[in-house]
Structure formats: C-alpha cells, structure tokens
Number of protein chains: 2
Amino acid sequence: MAVTLRDVAVKAGVSVRTVSNVVNGFQHIAPGTRARVQAALEELNYRPNLVARSLRQGRTGIIMLVLPEINVSYFGELAHEVVDYASSLGCTVQIDESGGDPQREKQLLTSLAQAGWVDGVLFSSLGLRGVDLAGLAGTRPIVLLGERTAGTALDHVGIDNVEASRQAVAHLIERGRTRVAAIGGSGGARDATSKYRLKGYEQAMKTAGLSSEGLYVRTADYRRGSAASAVRELLARDERPDGLFCFSDELAAGALRALAEQNVRVPADLAVIGFDDIEASRFSTPSLSTVRPDKAGIAKAAVDALLRRLDDPGGEIHEFNVGFELIQRESSG
Amino acid sequence: MAVTLRDVAVKAGVSVRTVSNVVNGFQHIAPGTRARVQAALEELNYRPNLVARSLRQGRTGIIMLVLPEINVSYFGELAHEVVDYASSLGCTVQIDESGGDPQREKQLLTSLAQAGWVDGVLFSSLGLRGVDLAGLAGTRPIVLLGERTAGTALDHVGIDNVEASRQAVAHLIERGRTRVAAIGGSGGARDATSKYRLKGYEQAMKTAGLSSEGLYVRTADYRRGSAASAVRELLARDERPDGLFCFSDELAAGALRALAEQNVRVPADLAVIGFDDIEASRFSTPSLSTVRPDKAGIAKAAVDALLRRLDDPGGEIHEFNVGFELIQRESSG
DNA sequence: CTGTTAGCGCATTCAT
DNA sequence: ATGAATGCGCTAACAG
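Treat the numbers as computed from the prediction; the structure is a model and nothing was measured.

Novice: Could you give me a rundown of the pattern of salt bridges, with the residues and numbers involved?
Specialist: Scanning the model with the defined rule gives 36 salt bridges over all chains in all. Close ionic contact of Asp304 of chain A with Lys300 of chain A constitutes a salt bridge, the shortest N to O distance being 2.8 Å. Residue Asp304 of chain A and its partner Lys300 of chain A are both found in helix H12 (residues 295-311); the two are separated by four residues, about one turn of the helix. Linking Arg59 of chain B and Asp311 of chain B is a salt bridge whose minimum nitrogen-to-oxygen distance equals 3.7 Å. One end of the pair, Arg59 of chain B, is in the loop between helix H4 (50-57) and strand S1 (62-67); the other, Asp311 of chain B, is in helix H12 (residues 295-311), with 252 residues separating them in the sequence. Owing to a relative accessible area of 64%, Asp311 of chain B belongs among the exposed residues under this scheme.

Novice: So, the relation of the copies chain B and chain A: which residues are in play, and what are the values?
Specialist: Of the transformation superimposing chain B on chain A, the axial component is 0.1 Å and the angular component is 180°, with the fit at an RMSD of 0.2 Å. Overall, the copies show the geometry of a two-fold rotation axis. Both copies present the same face, since 100% of the interface residues in chain B are matched by interface residues at the equivalent positions in chain A.

Novice: Break down the sheet that holds strand S6 (residues 180-184) of chain A for me, citing the residues and quoting the values.
Specialist: Strand pairing in a sheet relies on backbone hydrogen bonds, with the paired strands running either antiparallel or parallel. Residues and elements named next belong to chain A. Spatially, the four strands line up as an open sheet ordered S7-S6-S8-S9, and their pairing is parallel. The strands lining the two open edges of the sheet, one partner per strand, are strand S7 (216-218) and strand S9 (271-273). Strand-to-strand twist across the sheet, computed as the mean angle between neighbouring axes with direction ignored, equals 15°. Contacting S6, S7 and strand S8 (243-246), helix H9 (residues 192-207) runs over the sheet at an angle of about 175° to S6. Contacting S6, S8 and S9, helix H11 (residues 249-261) crosses the sheet at an angle of about 145° to S8.

Novice: I'd like a description of the protein's contact with DNA strand C, backed by residues and values.
Specialist: Neighbouring DNA strand C are 25 residues, the closest being Thr18 and Thr33 of chain A together with Leu5, Tyr46 and Arg56 of chain B. In DNA strand C, atoms within 4 Å of the protein come from the sugar-phosphate backbone in 62% of cases. Within the side chain of Tyr46 of chain B, an N or O atom sits 2.4 Å from a phosphate oxygen of DNA strand C. In terms of residues, the surface near DNA strand C owes the most to one element, H4 of chain B, which gives four residues.

Novice: Go over the interface of chain B and chain A with me, naming the residues and quoting the values.
Specialist: Listed by partner, the interface residues are 53 residues for chain B and 53 residues for chain A. Both faces considered, chain B and chain A share a buried interface measuring about 4,300 Å² in area, 61% of it formed by carbon and sulfur atoms. Connecting chain B to chain A are four salt bridges. The salt bridge involving Glu330 of chain B is made with Arg257 of chain A; its shortest N-O contact spans 2.4 Å. Viewed at the interface, chain A and chain B are joined by twelve residue pairs in polar contact (both at pLDDT 80 or more). When contributions to the side of chain B that touches chain A are tallied by element, the ones reaching two or more residues are H4, helix H5 (73-88), strand S2 (92-97), helix H6 (102-113) and helix H11 (249-261) of chain B.

Novice: Could you give an account of helix H1 (residues 5-12) of chain B, with specific residues and numbers?
Specialist: Residue and element names in this part refer to chain B. Those residues of H1 that sit buried are Val8, Ala9 and Ala12. Looking down the long axis of H1, one finds its buried residues gathered within 100° of arc, a one-sided arrangement. The exposed residues of H1 that point more than 90 degrees off its buried face are Arg6 and Val10. Among the structural elements, helix H2 (16-23) and helix H3 (31-44) are those in contact with the buried residues of H1.

Definitions and limits used
Residues numbered from 1 in each chain as written. Chains lettered and ligands numbered in written order. Predicted model: local features only at pLDDT ≥ 70, side-chain atom pairs only at ≥ 80, totals over all residues. Heavy atoms only, no water. Salt bridge = Lys/Arg side-chain N within 4 Å of Asp/Glu carboxyl O. Helix = DSSP H or I, 4+ residues; strand = E, 2+ residues; numbered from the N terminus. Buried < 20%, exposed > 50% of the residue type's maximum accessible area, 1.4 Å probe, protein only. Least-squares fit on C-alpha atoms with pLDDT ≥ 70 in both. Contact = heavy atoms within 4.5 Å. Pairing = 2+ DSSP bridges. Axes fitted to C-alpha atoms, helices over the stretch in contact; angles between N-to-C directions. Near = heavy atom within 4 Å. Polar contact = N/O pair within 3.5 Å; in protein donor to acceptor, adjacent residues only side chain to side chain. Buried area = accessible area lost by both parts, 1.4 Å probe. Arc of directions from axis to C-beta.

Written out as structure tokens, the structure is:
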C-alpha cells in the first residue's frame, strides 16, 4: 500500500492535520515541527493521493482537451499549444480522441466530465452540435473550439472562417487567377467548418465577378489521401482551373502530390493555397501558401475562458474571435 | 451539487447499496426494485462520481501515455494507435506531453502516476533513463516505449533500431550508392535512438566496405527545421554524398526541401531514405522511402504489457521486439 | 500553533 | 435480496 498522511503523522509524532499543513505549504508552523515532518515526508517518500484530494476538494485541477484525431497535424499542433499554455498556469491537460464520432464524444463527456474526473472541457468537435453539448455540460464547463454551431449556449473560441477563406481566395485572384476551384469538406452534414470556408470562397469569387459554378468538389475528409480524387475530377473539366483553395493544408499536400503526378506545374499552371499552416507546409516543394490561424492565441483564449468560467460559472457566455494571417509562399507564386 | 447515489436511493425508496448494485449491473435484484431504481436513475440523470469510485477501488481505469511532443507526427500517429487499441479494450488513455524535459517527465510521473491518478504509464522518453524511471515507478507499473536504456528493470516495447537502420542504409547501397551520409540526433547525450540508428548505419557501411568517415552530421533534434544546416554541411564536402539516411521522416522532409533549394535532384543525384513512415511521407515530392515501424503493433504490445502487469505486478520483466518494414518509394529510386 | 474529527461519494462487509 | 455501517486518503471546520 502507498504511504498516507497518517503514516507520516505517526512517524513524525504529530497529527495528520499538521502533516497536511506542511505538505500544502501553510504558514504558522513551528520550525521544529516542520523540520520533523519534512524529514518523515522524505524518508517515507510520501506522495499525496490525488484521487482522495480531488474527492475532498471537488476539483481535480485537470482540464480535458477533446479532439477528433490527434494524428492530424493541425490538432497535434493545437494540442501542443494548449498543453504549453495550460502548464504555464499550473494546469494539467488530459488529451482525448473522439474520432469525430458523436457517440464517443458524448461518452467522453458523460463518463469523464460529468463524472467529475476533470474540471472542465475544451471541446473541438466535428460531430456534435453545440446544442447537443449544452445538454451534456452538466456541472462542468465546456469551451467550444473551432466552429460555433447554431444556438450554442457555450463559450466559444475560433477564427472568422468566412473572412479567412475569403482572403485566401482573394489572394489567388489578385495573383491573376480567374478559375479558382475549392476542395474540402467531410462526410458529416454537420461539418460547419466546410460550410463557412465554402461561403468565404464564394464571397471572394462573387466579389471579383467570377463564376464558381462547378468549381467546388467535396472531399470525404480533410486528410491528404482525400485530395487526389477531387483534383482528378477538377483536371477533367473542359476548362482547367488555374487556382485551388484547399480547406486544409493536409488536403493541399495531397493536392500538390496529385498535381505533380499529372505534370501540372504549381504555381505556373495552377496556384494553390491551403488552410491551417501546419509545420509540414513550410517544407513542401513547392512550399505552401496558407492561412495561419493563431493557434497559440486560440489555446490561450480557450484555457483562459475555461478557467474564468470555473471561477464564475454564472458569467456571461463569450465568443472569442482569434486572429489569423495570410502566409504567402511558393505555391501561389 | 451533482446527484449522488444517496439522492437516487431516497427517490427510489431503497438503500444506497441497492442503487449501487443496479448501477454496477449486479444480478439478484428483484425486478420491481430494479425498475424503480432505474427510473430514479434516469429521472435524476445520475452519473457515478469517478473520483469517489476510484478512491474506493484503488483503480482509475485510466492509463497515461507520456510523449515528448504531440505535435511531432510520429508521436501523434503512435498516440492515435494507442488510443485506438486501448479503447477497444475499454480503457481510457490520458495523453501527456513531457517536452522531452527530464524534470517534467519526473514531475508527471510523481504527480500523476505515483499519486494514483492513473493505473499505469506508457512512457516514451528521450530524457530520462530507464534506471531513473525504475526508482520513480513506485506502485504503478510503467512500460517503456521506444529505446530501451541500459539496465532497465521495466517492460519495454520497441523495434530493433540497429537492424532497421542497417537495412535502410543497405538498401541505398544496393541501389548503387557508395557515399551514403547520415543525419540525425538530438541535443541530449542520452539520446539512445540516434546511437542505435548511427550504429546500424555504420554497420551497413562497413559490411559493404565503404567508409563512413565524416559522413555523419548530428542535428539539434528530429524536426524538419533541423535538417537544412546538416544538408548544407554535407553538400559543402569535397566529394558530395550520393545517398542520405535521415534518422526521422521529418528530418528527411526538411532535407528534401533543402536539396531542392540547392538544385540537387532526388534520387538522381542523391538518394534519400527516412525513418518512421509518417503519413506526410507518402505524399511528398518525391515520395519518401522510409522504415515503417509497426506502430499498431507497438501500441498493442505496450497496452497488453501494461494491463498484464496490472494484474500481475510481480511477473517477469518482458522485452517486446515489434516488427518494421522497409518502404521503397521515389526518393531512393 | 496543533490535535480531533466529519465527510467528500462510493463499494463493500456484515448483518438480516 | 436488501439495509446499515465502514473506510478509501484527504482537507477543513472546530476545538483548545
């Protein structure tokens, strides 16, 4: 069995209360007592039982980060930022994968968050709608990352996807492209991200007086492997596109590969821009132009929002719009 | 306050014992009682408090996966496999980042594992040596992933890095390359991975009767950004290398980029092979030859080993050597 | 300044 | 088949 406060107390010849005080760094302890307790603590190699402490305090000091897939670069990089910032504030982050499956998302929430295992949740979902989540929130606060779905009564942190996408496409148009295509999306009809990115794309085209008719191809997901068929479909058009806006950098990476195979020169024949600015994009050949969401900013805003709500559960619901940046590299000339 | 067993018991007019039995699916409950309890359970939307349950049972049902950096593709993909397999077994995985910092690794172990917050730990470390870890193990089992450091008294899962590296380099040599260089490594003198990969490289060169003199360049870490300077250094040699073994796919990606910038054709002028087979490597231009460790196999072996040790803490220490595969793509001709 | 003790929510042993 | 009561390890309210 592990060594408990009691064991230490007996050893040091004091009460558990005193040991607890020493462990928790209280003031007002007689120097002699403290020394004796410290000695016993070290000798027995005492470790406070976090489970017991959490039960007692009703707080675990852990926040949960729920992501669709941790092996997707964007989420990996976002998770990294969250862990980074949270640990600078003394918080532990528990990362969990939902696989984008609403069932599993629900289960994580009920079995861990509602069960008091974590103090709060940072939730990046493609599956569940905010409305569904609100019902699951229970006693633990949830902060939504990414897309805000309609009618949500939850704090939310994200970027303006419509505007970011509009700027990305406008950039290609400024570079003289007139037949700009777009690819992206995912199976779920609930994929709000693709909805907004498509909207931004269409806005940019319309503003420039260009037709987007037949130039958008939906993909199965946002991964590299899903770009090839979309690209093939676009290249089969009577009039080939001369610009391509990919809803994610991974899609763009897959597209670059598919284009190279078809001997389409980037950017000469076709300019490409992605979304997310994952690290790989700086090193691809050609390097990828993209939209860089302020990941550190998202992480900070999200963690701050969660901690604030922990202190003040009744506070007003907030919406945080974090910045983004257009990164121009070789793929868009 | 959250609803407790007691609340449900009162509502259903039974004792907490009975409610607990229903919740935990015990047999031998009068059908009428069960129905009444079920109704109360649903009406109050009862969620068992995991913290209390864990305190009582001494088990949390959660295993911790400690990785250096989750935004590194290899670790992201490995984490994905671990979560995948563990959840198929009904286990929850908590992922934590150590940043490769021995201090932080130690802290995670003492503050979470020793504190009973998790049942066991899957530990992928660059910093701490197994010997250090063994002392920290305390009451909770630890399974080491990746490199086995000397004198470890812990279960370990990994691949044969020496042999895998030897085969990678031998592959380049078979393709007619004679001046094969190698890049990789990390700051820490404790980086066992680079030690073994370098050893495999040297073995292959020696076996082929080739000199490796001055052909290995150490990098700061295994990331894309660290390859450029190493490549530049190699290209400055009197006689340029015609083959390059990178200790990671990320390094290889950085190298491909640097080579393209210097107008070195791959594989015509220089054949490249990486290590890890991250997803991006299939889609780069040229696509990257690499060594593919059986990530799913590592995940399975590791989780199995941990669960086995939870049941039988006194069992014999095991060493699991998981397979790997040489993947030939465009970069090695 | 420090000892005693209640109770966080649950599973479980001892009764019945 | 179910109730009553104990204690997991800890913190904090209440003494003194």
